[in-house]
Amino acid sequence: YIYRCLKNYEQAHFYLKEAINLKPKEPIAYLICGEVFFWQTKNKEAIINLYKSIDYKAKINNLYIILGNSCLFNKNYYYAYDNYNIALKNDPDNFLCLKNNACSYAKCNVYNSALEMLDKLLNINKDDSLILCYYGEILYNMKQYSKAISYFTKANIIDPENTHNLNKRAIAYYTLQDYNKVLLDLDKVIQLDPLNSLAYYLKCIIYYTKKDIDNAIMVFKKCKELLDFNDILAKTQLFHLEYLLNKNNSTELNNILTKINQISNIKDSELLLFVRCKLYVELKMYYEAKLDLNLLYVKNSNYYKYISYISYIYLLREYTDFWLYLNNNYRSKFGFNVNNNNHCSELGIVNEFSKHTYKRLQVYFISNLVNLKSELYQFQENDINSLSEKIISSKNEGLYLNSPMLYFKRCDRIIWKINIKKILKKDCFIKFVIKSANSEQYTDSELNHYEHVLKYEDVLKLEGLGWIEYQLPKLLDKYFVQPSIEISGSINMQIDYFRCGHNEEEITYNLSIDDLLPNFHKFCPNVPETFKDKYFSKKAMENLLELKDIINHL
């Protein structure tokens, strides 16, 4: 323990090895060993030894915090918050534990639980500007933009020179299309930090969005001066701005393409791949665009990442000729041609983008049903934030939607993209039904039937969350499925699509879609990432294991 305090980890391990040889089931030895590995940033070894300490009945509460920290920095976020929650049962106001637990929940998109941790931290210190800013970031991820702005504003009053917080508030204002307030915040950032390249990038996007091209070009030139060309993300920002400002100039687009193709490690950057893919599409170089899109698909083919790939194809949705080219040149792994018009029309799928998303991603747009049942036309609405741009809204009425029988893979779940805007009466429910069989030719006795009902209390938890993906718990065990949804009572609810796949959580928040690049958060990380040394207090973590803990345990 003394050698650990002196940061002489080699000698610490030497004596720990001797102690374990003398007494192989001594829990305190494994605890110190795990803690030493943590400070050596060997988190996997730390986790193994800390779990051994628990197995041998160590009874030190901070053990679970140390284990939570090891899991957190090893990116095992689920195990991290499990261990933090054990520690919080015995010490519910532990500041370090609450902060790190909030981060673990946020990493898993369990935002409500993350906010519970931050609420407790604000009860301890309501003027902690970093916690207020982090609270706003999580609210933004939950699509609660106005509320997020209120927390960014509270943080700004306490710390008016925090440029990170001002940039985050500017992005929230941008999402709400309050462009004048965006520019005010960005001007403050530039005044405080004249070299803040992110502020110039955002400012250029604002002027472009407002169609003020002269100012956009002026800011672009400044941005070009500030960006670090050794940084792949900085290069991506620059190429993206250059693309936006030259969309209608094929010569300039070819020049941008030439510069991008000179970068050797482009395949390592999804965002740069996407920018190049979009350039190829604009220039009608569809074969090359298809290769890049395939790379993006492979990088996101894991079901946990499908939602990222969806954000890429959304921004290519308008290019009908490109989707026609893809469908004509793509055969699904199941052996049928994506461009089989007869098969698709039987399912209500009539446009090229819908064909691609169904055959390749197993996404079925609920607006397809309007092509099969004209009486549903009255429930159809345009929505720019939906993947298909057309959604079906219950409009406070009871509604029953029944899809055709579809071919989906086995061992996956059905995920619905929904937006529950308002519950007007408590007497309501939402019923999800899945009928499934092993073939298209089935008898009633061969048809499986599964129901999942959300009662008022369940629906209430989803109200006001914006567009989310809601995953049903049932694991499919048949090839052919027929999902349906029944909305009963006065619920103002919108539906975009359902798909076959698997998310990490029951509820997944959809990414914002606009002129910013997909996964824009990579340019502007959150509070724990930006202020790592302040958020994760090294001093507090060093004091988790004290000499008295060891003496009391012997």
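Heads up: the structure comes first, above all this text.
Residue numbering note: each chain is counted from 1, following its sequence as written. With pLDDT at 70 or above as the cut-off, local features in this predicted model cover only qualifying residues; side-chain atom pairs require 80 or more to be listed or tallied, and sums for whole chains, interfaces and linings still use all residues. Water and hydrogen atoms play no part in the side-chain values, which are based on all heavy atoms of the structure.

Participant: How would you summarise the packing of helix 13 (residues 197-209) against helix 14 (residues 213-226) if you had to cite specific residues and measurements?
Facilitator: Their axes nearest at 8 Å, the elements helix 13 and helix 14 cross at an angle of 160°. One element, helix 13, and the other, helix 14, form an angle in the roughly antiparallel class. Seen from above, helix 13 lies across helix 14 with left-handed handedness. Of helix 14, the residues touching helix 13 (which contributes Ser-197, Tyr-200, Tyr-201, Lys-203, Cys-204, Tyr-207 and Tyr-208) are Ile-213, Asn-215, Ala-216, Val-219, Phe-220, Lys-222, Cys-223 and Leu-226. Of the residues belonging to the contact of helix 13 with helix 14, the class tally is eleven nonpolar, two polar and two charged. Angles here are taken between N-to-C directions and fall from 0 to 180 degrees, while the axes themselves are lines fitted to C-alpha atoms, restricted in helices to the stretch in contact. Helix and strand definitions here come from DSSP, where helices need a minimum of 4 consecutive H or I residues and strands a minimum of 2 consecutive E residues; each element is numbered from the N-terminal end. The labels follow the angle: roughly parallel below 35 degrees, roughly antiparallel above 145, roughly perpendicular from 65 to 115, and oblique for the rest. In this scheme the handedness of a crossing depends on how the near helix is turned from the far one: anticlockwise by less than a right angle means left-handed, clockwise means right-handed. Should any heavy atoms of two residues lie within 4.5 Å, those residues are considered in contact. In this classification, the charged set is Asp, Glu, Lys and Arg, the nonpolar set is Ala, Val, Leu, Ile, Met, Phe, Trp, Tyr, Cys and Pro, and all remaining amino acids, among them Gly, are polar.

Participant: Residues and numbers for the packing of helix 11 (residues 163-175) against helix 12 (residues 179-192), please.
Facilitator: Two elements in contact, helix 11 and helix 12, have axes separated by 8 Å at closest approach and are oriented at 165°. When the interaxial angle is binned, helix 11 and helix 12 end up roughly antiparallel. Crossing angle aside, the handedness with which helix 11 passes helix 12 is left-handed. Contacts from Thr-163, Leu-166, Asn-167, Arg-169, Ala-170, Tyr-173 and Tyr-174 in helix 11 reach Tyr-179, Lys-181, Val-182, Asp-185, Leu-186, Lys-188, Val-189 and Leu-192 in helix 12.

Participant: Mind laying out the pairing of strand 11 (residues 491-501), listing which residues take part and the relevant values?
Facilitator: Of all eleven residues that make up strand 11, ten are buried, and the element is covered over most of its length. Strands qualify as paired when DSSP identifies two bridges or more between them. Inspection of the sheet shows strand 1 (residues 363-365) paired to strand 11 by three bridges, in the antiparallel sense. Across the sheet, residue Tyr-364 finds its bridge partner in strand 11, namely Phe-498. As judged from the ten bridges shared by strand 6 (residues 413-423) and strand 11, these two strands associate in the antiparallel manner. Across the sheet, Trp-416 pairs through a bridge with Phe-498, a residue of strand 11. The rule is simple: take the accessible area with a 1.4 Å probe, protein chains only, and divide by the maximum for that residue type; under 20% is buried, over 50% is exposed, in between is partly exposed.

Participant: Please give an account of the pairing of strand 4 (residues 399-402) that cites residues and values.
Facilitator: Side chains of strand 4 alternate between two faces, with Leu-399 and Leu-401 buried and Tyr-400 and Asn-402 left unburied. As defined by bridge partners, strand 4 adjoins strand 10 (residues 480-488) across four bridges and the pair is classed as antiparallel. Bridging from a neighbouring strand, Leu-401 pairs with Ile-485 of strand 10.

Participant: Can you tell me about unusual backbone geometry, naming the residues and giving the values?
Facilitator: Even without being glycine, Lys-7 reaches a positive phi, approximately 60°. Structurally, Lys-7 can be placed in the loop between helix 1 (2-5) and helix 2 (9-22). Look at Lys-7 and you get partly exposed, because its relative accessible area is 48%.

Participant: Go over helix 2 with me, naming the residues and quoting the values.
Facilitator: In this analysis, the expected span of each helix is defined as 1.5 Å times one less than the number of residues it contains. Taking 1.5 Å per residue as the helical rise, helix 2 with its 14 residues ought to reach 20 Å, and the 20 Å between its terminal C-alpha atoms agrees with that figure. Turning to helix 2, its buried residues number three or more, namely Tyr-9, Ala-12, His-13, Leu-16 and Ile-20. For helix 2, the angular spread of the buried residues around the axis is 95°, confining them to a single face. Facing away from the buried side of helix 2, by more than 90 degrees, are the exposed residues Glu-10, Asn-21 and Leu-22. Next to the buried residues of helix 2 lie helix 1 and helix 3 (27-39). The arc in question is traced by the directions running from the helix axis to the C-beta atoms.

Participant: Quick rundown of the packing of aromatic side chains? Include the residues and the values.
Facilitator: Planes of paired rings set the category: under 30 degrees apart is stacked, over 60 is edge-to-face and the rest tilted, where pairs are Phe, Tyr or Trp rings (Trp by its six-membered ring) whose centres lie within 6.5 Å. The full count for this structure, using the stated rule, is 29 aromatic pairs. A centroid spacing of 5.7 Å and a plane angle of 50° characterise the contact between Trp-416 and Phe-432, whose relative ring orientation is tilted. Placement of Trp-416 in strand 6 and of Phe-432 in strand 7 (residues 429-437) is noted, with a sequence separation of 16 residues between them. On the basis of relative accessible area, Phe-432 is assigned to the buried category, the value being 0%. These aromatic residues form a ring-pair network of at least three members: Tyr-358, Tyr-364, Phe-408, Trp-416, Phe-432, Tyr-470 and Phe-498.

Participant: I'd like a rundown of a nonpolar patch on the surface, residues and numbers included.
Facilitator: Each patch is assembled from residues with relative accessible area greater than 30% and no salt bridge, linking like charges that lie within 9 Å and nonpolar side chains (Val, Leu, Ile, Met, Phe, Trp, Tyr) that lie within 5 Å. The method behind every accessible area is Shrake-Rupley, applied with a 1.4 Å probe, and residues are considered shielded solely by the protein chains displayed. Just to be clear on terms, a salt bridge is a Lys or Arg side-chain nitrogen sitting within 4 Å of an Asp or Glu carboxyl oxygen. On the surface, Ile-2, Tyr-3, Leu-6, Phe-14 and Tyr-15 cluster together into a nonpolar patch covering about 550 Å² of accessible area. What makes Phe-14 partly exposed here is its relative accessible area of 44%.

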